[in-house]
Amino acid sequence: MRSREQLVKTLQGLDPLSNEFYNQATAYFWGRCRSHRNYGYFFIFLAVVSWVLAYIHWGKWLLTVWSLFAYCFAAFLGWLVVNGASHTARVLADADKETDPERRLRRLRAAARTYRGDKVSLCVLSFPSQDD
């Protein structure tokens with residue numbers, strides 16, 4: 001897999017309305033979206049484990065309280081990450097249906113705003129669209 005720096009250099013040399021630019025950028029964002037969804041499911045799994053531990057240690061109140069706290073924390077964090085990844089996936093799926101290059105770039109920029117600190121996102125956001 002290519003590094004981010006190589007992808008940024010490639011994207012900077014392409015027309016932002018071209019199919020090649022769109023395909024390379026969306027492939028990168030789909031990969032990020034999938035990994036974030038998996039991270040969220042991992043935290044939800046940790047929440048389930050915490051719930052089971054709370055049930056097992058029901059007689060010991062301190063362990064039960066800690067297990068319930070861990071359940072709430074992991075469930076919230078997992079929900080937050082899965083929700084963000086599903087939002088990005090919806091934006092990318094809608095962009096895949098677009099035929100107008102300007103609208104595709106606008107939706108690609110919406111997906112890039114999710115990962116603001118990422119080098120590829122900054123590269124995509126550096127190209128203006130008509131409504132900016």
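For the structure, see preceding data.
Residues numbered from 1 in each chain as written. Predicted model: local features only at pLDDT ≥ 70, side-chain atom pairs only at ≥ 80, totals over all residues. Heavy atoms only, no water.

## Considering the overall build of the protein
So, step 1. What the protein contains, in helices and strands, is 5 helices and 0 strands.
So, step 2. Listing the helices and strands of the protein from first to last along the sequence gives α-α-α-α-α.
So, step 3. Its C-alpha atoms give the protein a radius of gyration of 20 Å, more than 25% over the compact-globule value 14 Å for 132 residues.
So, step 4. Buried residues in the protein amount to 35% of all 132 residues.
So, step 5. In the protein, 62% of the contacts between residues at least 6 apart in sequence involve partners at least 24 apart. (Helix = DSSP H or I, 4+ residues; strand = E, 2+ residues; numbered from the N terminus. Rg over C-alpha atoms; globule rule 2.2 N^0.38 Å. Buried < 20%, exposed > 50% of the residue type's maximum accessible area, 1.4 Å probe, protein only. Contact = heavy atoms within 4.5 Å.)

## Concerning helix H3 (residues 61-97)
So, step 1. Its 37 residues place the ends of H3 53 Å apart at the C-alpha level, agreeing with the 54 Å of an ideal helix rising 1.5 Å per residue.
So, step 2. Inspection of H3 places Thr 64, Ser 67, Ala 74, Gly 78, Val 82, Ala 85, Thr 88, Ala 89, Val 91, Leu 92 and Ala 95 among the buried residues, and these make up the whole buried set.
So, step 3. Elements in contact with the buried residues of H3: helix H2 (19-56) and helix H4 (101-112). (Expected span 1.5 Å × (residues − 1).)

## Quick word on the side chain of Arg 32
So, step 1. Of note, Arg 32 is situated in helix H2.
So, step 2. On the accessibility criterion, Arg 32 (17% relative accessible area) is buried.
So, step 3. In this structure the side chain of Arg 32 is engaged in a polar contact, spanning 3.1 Å, whose partner is the side chain of Asp 118.
So, step 4. Among residues more than four places away in sequence, those in contact with Arg 32 are Tyr 115 and Asp 118. (Polar contact = N/O pair within 3.5 Å; in protein donor to acceptor, adjacent residues only side chain to side chain.)

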